[in-house]
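Observations on the model geometry
These are the residues of each chain, in order.
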Amino acid sequence: MSSLLKNIIRFICFILVQAFILDKVPPLHQYVKPIFYFLFILWLPFTINRSWQMIIAFAFGLSMDYFSGTPGLHAIPCVLIAYLRPFLLNILLPRETTEVSYAEPSIKSLGLVPYAVYILILTFIHHSCLVFIEWLEFGDFLYFVAKVAACTGISLLLIFVTELLFPRKAKYRTNA
Amino acid sequence: MLAGSGSKHATGNISVRNIFLFIRRFFNLILFFVLQGVAIYILATYNKTHEAVLGAVANEVTGNISQQYNNVEYYFQLKKTNEALAKENAQLRNQLKSSFDNPDTALVVKTDSLLKDTLGLVRKYNFLYAKVVNNSFTEENNYITLHRGALQGVTTNMAVIGPEGIVGKVIMVSDNYSRVMSLLNRKSKVSAMLKKGFYSGDLEWDGGNPAFLTLSKISKSAQPKKGDTVLTSNISEKLSFPPGLVVGTVEAIIPDTESSFLTLKIRSATNFFSLQYVYLTGNLLGKEQQDLEDKTPKD
């Protein structure tokens, strides 16, 4: 399956799963809200141009917004993490080996610990940004931090489960 | 740098080239800010331009998908819906005229003729029913989508009422769908009053537990108790809610020592988790009232 087709299918699946499964789950607690859709952006291939990454993230965030009825709300954190992603990958990647040989970030291509760090940092940034815009203020700072931390925790759990359920074959990119 | 007559021309060229170099070097950063700007613009104008073309088209598309989803989900809730409808039927039957039959004694009071004045009654509220095809309650700002739109008589600002209590108000309308700002929305503000003593205040939501709402600006002299009923007030008519609809019951009283007002925690009468059918109503005389109020001289 080509990378383009795979990512288009992912685009649709992530949005539908978030809009019609996770957003329908009755809240466990007012802090805890499962957010998961942004994994699409974290899984984008290495090779996409940085500008395109941001444009794709913008379109993706906006599509998500139209399902949740708040145009612009998800687009902002999505573009933010798409912008920060290459910087983080540059730090975490041993350049010569992985960027050339693997198609997209995964446990196999980055190694378990760098991949976990990569997911953790971007998830945290995404949630902080999202919650902040949603409130347009820090409000009670402790509440803010607790909500971001709780959301990050549940998102990491969901991502972990997804990684277990759908082991992606880390394909070698051949130069041929 | 060149000397003499050619220098002016050359500096001009260099500065233009510098601008292009600058744009090329920082293209990603600039694109980042442009995209963020667009997103913030969309977010900021969303409240003002509900009727934007893009909004209406997107509403139609997402509404269609939501309806497919709801067709499946609806099946699982048939039993609950049936129960709610039966309960409401019973409630309506109780209000039928035939349910009020005076015993045949000499003391019968004929009230029929008193219901009409010489001009006849003027209809003020018109009720439409609509099926809920999308409903959220986990966000900070929650919205509901109804499968009934402009072609079926829905207009913006109509009040939305569930079988058990009020639900929200219509903010966007497309041809066949409409979008409702639920009471569970930080931007939602409805006037409500205590049934006991008619003290009115503002009904809002703090973004926390979806089962509870907040009623603020209640005068301390109201002396509310736990369990008191809260209704929509005459002032909520402006938002097209008929007065006297159930909003919820008082769950807790939060005293405010600094002001002479109380804040009440209200248990919402509507169960937002299992909404299936709602009623839409608009104040048919609302425009006249608004026009008159707009004529008030401002000075």
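Residues numbered from 1 in each chain as written. Chains lettered and ligands numbered in written order. Predicted model: local features only at pLDDT ≥ 70, side-chain atom pairs only at ≥ 80, totals over all residues.

**A short note on the overall build of chain B**
Applied cut-off: Secondary structure follows DSSP: runs of H or I at least 4 residues long count as helices, runs of E at least 2 residues long count as strands, and numbering of each begins at the N terminus. Exposure classes come from backbone-placed C-beta atoms, where a residue is buried if 20 or more other C-beta atoms lie within 10 Å of its own, exposed if 12 or fewer do, and partly exposed in between. By definition, residues are in contact whenever their C-beta atoms, placed on the basis of the backbone, come within 7 Å of each other.
Looking only at helices and strands, one finds 5 helices and 12 strands in chain B. By the burial criterion, 31% of the 299 residues in chain B qualify as buried. Once local pairs closer than 6 in sequence are excluded, the contacts in chain B between residues at least 24 apart make up 59%.

**As for the overall build of chain A**
A tally of helices and strands in chain A yields 8 helices and 0 strands. Scanning chain A from its N terminus toward the C terminus, one meets helices and strands in the order α-α-α-α-α-α-α-α. Across chain A, contacts joining residues at least 24 apart in sequence account for 66% of those joining residues at least 6 apart.

**Concerning the interface of chain A and chain B**
Contacts between the two partners involve 25 residues from chain A, matched on the other side by 24 residues from chain B. Mapped by element, the contributors of at least two residues to the side of chain A that touches chain B are helix 3 (50-68), helix 4 (75-92) and helix 7 (112-135) of chain A.

**Concerning the packing of helix 4 of chain A against helix 2 (residues 27-45) of chain B**
Put simply, the rule reads: For every element, the axis is a line fit to its C-alpha atoms; helices are fit only across the contacting stretch, and the angle between N-to-C directions ranges from 0 to 180 degrees. Orientation categories follow fixed angle ranges, with anything under 35 degrees roughly parallel, anything over 145 roughly antiparallel, 65 to 115 roughly perpendicular, and all other angles oblique. Residue polarity is assigned by list, with Asp, Glu, Lys and Arg as charged and Ala, Val, Leu, Ile, Met, Phe, Trp, Tyr, Cys and Pro as nonpolar; anything else, Gly included, falls into the polar class.
Close contact between helix 4 of chain A and helix 2 of chain B brings their axes to 9 Å; oriented N to C, the two are set at 170°. As the angle between them shows, helix 4 of chain A and helix 2 of chain B are arranged roughly antiparallel. Counting all contacts with helix 4 of chain A, which are made through A:Ala75, A:Ile76, A:Val79 and A:Tyr83, the residues of helix 2 of chain B involved are B:Phe32, B:Leu35, B:Gln36, B:Ala39 and B:Ile40. By residue class, the composition of the contact of helix 4 of chain A with helix 2 of chain B is 8 nonpolar, 1 polar and no charged.

**Regarding the pairing of strand 9 (residues 229-232) of chain B**
Residues and elements named next belong to chain B. For clarity, the threshold we go by: The criterion for strand pairing is that DSSP finds at least two bridges linking the strands in question.
Strand direction decides the pairing type here: strand 6 (residues 190-194) and strand 9, joined by 3 bridges, are antiparallel. In the strand pairing of strand 9, Ala192 is matched with Thr232. Taken together, the 3 bridges between strand 9 and strand 10 (residues 246-255) define a ladder with antiparallel strand orientation. By the bridge assignment, Thr229 is partnered in strand 10 with Thr249.

**Brief notes about the nonpolar core**
Generally speaking, a soluble globular protein has its nonpolar side chains buried in company with each other. In plain terms, the rule: What we call a nonpolar core is a set of buried Ala, Val, Leu, Ile, Met, Phe, Trp, Tyr and Cys residues whose membership is set by joining through C-beta atoms within 7 Å.
Ranked by size, the top nonpolar core spans 46 residues in total, and within it B:Val160, B:Val180 and B:Val278 carry the most contacts. A:Phe58, A:Val79, B:Phe32 and B:Leu35 belong to the second-largest nonpolar core, a separate cluster that totals 37 residues.

**With respect to the pairing of strand 5 (residues 178-185) of chain B**
All names here are of chain B. Extensive coverage of strand 5 is indicated by the burial of 8 of its 8 residues. As defined by bridge partners, strand 2 (residues 141-146) adjoins strand 5 across 5 bridges and the pair is classed as antiparallel. Along strand 5, the bridge assignment pairs Tyr143 with Met181. Inspection of the sheet shows strand 4 (residues 166-173) paired to strand 5 by 5 bridges, in the antiparallel sense. Each bridged residue has a counterpart across the sheet, and for Met172 the counterpart in strand 5 is Arg179. Turn length for the strand 4-strand 5 hairpin, with the two strands adjacent in sequence and antiparallel, is 4 residues.

**Notes on helix 8 (residues 141-165) of chain A**
Spelled out, the test is: Helix span, expected: 1.5 Å multiplied by one less than the number of residues in the helix.
Across its 25 residues, helix 8 of chain A extends 36 Å between first and last C-alpha, which sits within 8% of the 36 Å expected from 1.5 Å per residue. Considering only its buried residues, helix 8 of chain A is in contact with helix 7 of chain A.

**Things to note about the sheet that holds strand 5 of chain B**
All names here are of chain B. Read once around its circumference, the closed barrel built from 6 strands follows the order 1-2-5-4-3-12, with strand pairing classed as antiparallel. The average angle at which neighbouring strand axes cross in this sheet is 45°, direction not considered. Here strand 1 (residues 125-135) pairs with strand 2 via 3 bridges, running antiparallel. Within the sheet, the bridge partner assigned to Val132 lies in strand 2 and is Leu146.

**A short note on the confidence of the model for chain B**
Residues and elements named next belong to chain B. Stated formally: The predictor reports its confidence for every residue as pLDDT, a score running from 0 up to 100.
Chain-level pLDDT for chain B is 78 on average; 80% of the residues reach the 70-or-more range. Across residues 1-6 the pLDDT falls below 50, and counting only partners more than four positions away or on other chains, this stretch makes 3 contacts in the model. Across residues 101-117, confidence stays below pLDDT 50; counting only partners more than four residues off in sequence or on other chains, it has 2 contacts. On the interface metric, ipTM, the complex scores 0.77, and its pTM is 0.58.

**Notes on unusual backbone geometry**
All names here are of chain B. Notably, Phe198 is not glycine yet its phi reads approximately 55°, a positive angle. On the secondary structure map, Phe198 appears in the loop between strand 6 and strand 7 (200-204). For Phe198, a count of 11 C-beta atoms within 10 Å gives the class exposed. The backbone of Lys217 sits at a positive phi, close to 60°, despite the residue not being glycine. Relative to the elements of secondary structure, Lys217 occurs in strand 8 (residues 212-219).

**Observations regarding the confidence of the model for chain A**
Predicted confidence across chain A gives a mean pLDDT of 83, with 86% of residues reaching 70 or more. Element-level mean pLDDT values for chain A span from 56 in helix 5 (residues 95-101) of chain A up to 92 in helix 2 (residues 39-42) of chain A.

**What to know about the UniProt feature "transmembrane region" (unreviewed entry) in chain A**
Residue and element names in this part refer to chain A. This is how the line gets drawn: UniProt positions are given in the numbering used here, feature names are shortened, and annotations may be inferred rather than shown by experiment.
If you check UniProt for "transmembrane region" (unreviewed entry), the listed places come out as residues 35-60, 72-92, 112-135 and 141-166 in our numbering. Helix makes up 58% of residues 35-60 and strand 0%, whereas the separation of the span's terminal C-alpha atoms amounts to 14 Å. Secondary structure content for residues 72-92 is 86% helix and 0% strand, while the C-alpha to C-alpha distance between its ends is 30 Å.

**What to know about the environment of B:Asn126**
Residues and elements named next belong to chain B. Summarising the element assignment, Asn126 is placed in strand 1. Take Asn126: there are 12 C-beta atoms within 10 Å of it, and that puts it in the exposed class. Beyond its immediate chain neighbours, meaning those up to four positions away, Asn126 contacts Thr281, Gly282 and Leu284.

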